[in-house]
Amino acid sequence: MKLVHISDTHLTVPGERMGGLNPHLRLAKALDEVRTQHSDASRIIITGDLTHWGEPKAYLSLVDNLKNLPCPVRLLVGNHDDRAAFLAAFPDYSGNPAGFINYAETIEDTRLIYLDTTQPRTHAGHFCAARRDWLREELNKCTRARLFMHHNPMPLGLPAEDKIALVPEDRIPLAELLNTFRERIDYIHFGHVHAPIHGTWCGIQFASVRSTGNQSIPDLIEQESLQGAPMAPSFSVILVTEEGTTIHEIPFTWEGPVFSTGTAWEDWAKPTAAE
Ligand SMILES: [Fe+2]
């Protein structure tokens, strides 16, 4: 199974820029790359911060961007999103338990579980008892799962960013729940941090992905301010097999030269100098 993981598209009202770049152009480029190189993907999963200011016109632009794709798209909301505006543009996502955008599906014996970790008017993540109960039921029903969410549920050693991770009062009971089911959870995937960060939490491997817009600079010292820059974006391609998981970062905006070479020993031999 191949999954495309895109995150933090931060769309604006078309014509408006975000952080000095055009987020619509960036998303269009990423999706063009998916169309040409990953038409065999089972799902494209966008883990939140779909828009930057939660505006209806930004969501309508996302509707347009997501046309003519090779596989179904699964959307999550992030701290920059507005649940009501999102649901107005994407009514198929309404009707989920307790008003949250939590849902799941099974592909090739793996339960893909999509979580809503947002709470209005805060950038920090929340995952209350009602959401944990829903997740427990999902995990009880399956033998193999993979979780997708917007916020990093664990602290990452980045003092400023950790202030807007999942809040401790929800992190601790979520960790208890995931520890119970760790044997059946293959991976946790999230966005929010605008950087590729990998590790383990509750004995489960995790991976984040860059934004298609601005990137964050991992700052292990700064206590208050988030550090960001318009560095090169990427999205992830996740390959899932019986043997494990492989994650590729795809640098979809590179326009410089590309060198091509064979794999035989002689193909990398030093050229013979001209006489
Ligand atoms: Fe974001």
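Reading the values: the criteria
- Residues numbered from 1 in each chain as written.
- Predicted model: local features only at pLDDT ≥ 70, side-chain atom pairs only at ≥ 80, totals over all residues.
- Heavy atoms only, no water.
- Helix = DSSP H or I, 4+ residues; strand = E, 2+ residues; numbered from the N terminus.
- Rg over C-alpha atoms; globule rule 2.2 N^0.38 Å.
- Buried < 20%, exposed > 50% of the residue type's maximum accessible area, 1.4 Å probe, protein only.
- Contact = heavy atoms within 4.5 Å.
- Areas by Shrake-Rupley, 256 points an atom, 1.4 Å probe, with all protein chains shown as cover.
- Lys, Arg positive; Asp, Glu negative; His and termini not counted.
- Charge placed at Lys NZ, Arg CZ, Asp CG, Glu CD.
- Pairing = 2+ DSSP bridges.
- Axes fitted to C-alpha atoms, helices over the stretch in contact; angles between N-to-C directions.
- Expected span 1.5 Å × (residues − 1).
- Arc of directions from axis to C-beta.
- Polar contact = N/O pair within 3.5 Å; in protein donor to acceptor, adjacent residues only side chain to side chain.
- Donors = N, O, S within 2.8 Å, 3.2 Å for Na, K, Ca; no water.
- Tetrahedral: all angles 85-135°; square planar, octahedral: opposite > 155°, others 65-115°.

A.B. asks: Which residues make up the overall build of the protein, and what values go with them?
C.D. replies: On a plain count of helices and strands, the protein comes out with 6 helices and 13 strands. Whereas a compact globule of 275 residues would reach a radius of gyration of roughly 19 Å, the protein reaches 20 Å, a difference of no more than 12%. Taken over the C-alpha atoms alone, the protein extends approximately 75 × 45 × 45 Å along its principal axes. Out of the 275 residues belonging to the protein, those deemed buried represent 51%. Long-range pairs, those at least 24 residues apart, make up 67% of the contacts in the protein with a sequence separation of at least 6. When the accessible area of the protein is evaluated, it comes to approximately 13400 Å², of which 53% is carbon and sulfur surface. Charge-centre separation for the protein: the mean point of 24 positive side chains lies 3 Å from the mean point of 35 negative side chains.

A.B. asks: Tell me about the sheet that holds strand E2 (residues 43-47), residues and numbers included.
C.D. replies: Taken in spatial order, the 5 strands of this open sheet run E3-E2-E1-E12-E13, and their pairing is mixed. The open sheet has two free edges, formed respectively by strand E3 (73-76) and strand E13 (244-250), since each of these has just one partner strand. Strand-to-strand, the axes of this sheet are offset by a mean angle of 20°, without reference to chain direction. Sheet topology note: the strand E1 (residues 2-6)/E2 ladder contains 4 bridges and is parallel. Its bridge partner lying in E2, Val 4 is registered against Ile 44.

A.B. asks: Could you give an account of helix H1 (residues 23-37), with specific residues and numbers?
C.D. replies: Under the 1.5 Å per step criterion, the end-to-end length of H1 is 21 Å for 15 residues, consistent within 8% with the ideal 21 Å. The set of residues buried in H1 consists of Pro 23, His 24, Arg 26, Leu 27, Ala 30, Leu 31 and Val 34. Down the axis of H1, the buried set is contained in an arc of 165°. They therefore lie on one face. Along H1, exposed side chains directed more than 90 degrees from the buried face belong to Leu 25, Thr 36 and Gln 37. Along its buried surface, H1 packs onto E1, E2, helix H2 (56-65) and strand E12 (235-241). Residue Asn 22 occupies the N-cap position of H1, its side-chain oxygen lying 2.9 Å from the main-chain nitrogen of His 24.

A.B. asks: Describe in detail the coordination of the iron ion, supporting the description with residues and values.
C.D. replies: Asp 8 (OD), His 10 (NE2), Asp 49 (OD) and His 194 (NE2) make up the full set of protein donors to the iron ion, lying at 2.0 to 2.2 Å. Taken together, the 4 donor atoms coordinating the iron ion and their angles of 89 to 177° define a geometry best described as irregular.

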